[in-house]
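Chain and residue survey
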Amino acid sequence: MAEFKDRDLHLVKKALAIAVLAIDRQPGPFQSTSDQSDMKALLDRMIHGDVELEHYARAARIAVTGKTD
């Protein structure tokens, strides 16, 4: 498996957070809940603590909705 560090790791975490939120917002049969579940689990293993999790969750909301909190 590839190992990511520094900026690459940041981008992977942010991309996963965005993907999880985007899947959550996709209604109906096109919502891939198994992919979403796997992405959440991977993100949980990569993120250390609630503060970091909130940082990426906020970044995902901004990227997906175009709005700040």
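Provided above is the structure to which this section pertains.
First things first, this report covers the structure right here in the doc. (Residues numbered from 1 in each chain as written. Predicted model: local features only at pLDDT ≥ 70, side-chain atom pairs only at ≥ 80, totals over all residues. Heavy atoms only, no water.)

1. What to know about the overall build of the chain
Heads up, the rule is: Comment: elements are numbered from the N terminus, with helices defined as DSSP H or I runs of at least four residues and strands as E runs of at least two. Between buried and exposed lies partly exposed: a residue is buried under 20% and exposed over 50% of the maximum accessible area for its type, with that area taken using a 1.4 Å probe on protein chains only. In what follows, residue pairs with any heavy atoms lying within 4.5 Å of each other are defined as contacts. Only the protein chains shown count as covering a residue, and every accessible area follows the Shrake-Rupley method with a 1.4 Å probe. Only four residue types enter the tally: Lys and Arg on the positive side, Asp and Glu on the negative side; His and the chain ends are excluded. Lys charges are placed at NZ, Arg charges at CZ, Asp charges at CG and Glu charges at CD.
Check the secondary structure of the chain and you find three helices and zero strands. Mapped from its N terminus to its C terminus, the chain presents α and β elements in the order α-α-α. With respect to the three principal axes, the spread of C-alpha positions in the chain is 35 × 30 × 20 Å. Put simply, the chain has 69 residues, and 19% of those count as buried. At a minimum sequence separation of 6, the contacts of the chain that also span at least 24 residues come to 55%. Carbon and sulfur atoms provide 55% of the accessible area of the chain, an area that totals close to 5,100 Å². A gap of 6 Å separates the mean positions of the 10 positive and 11 negative side-chain charges of the chain.

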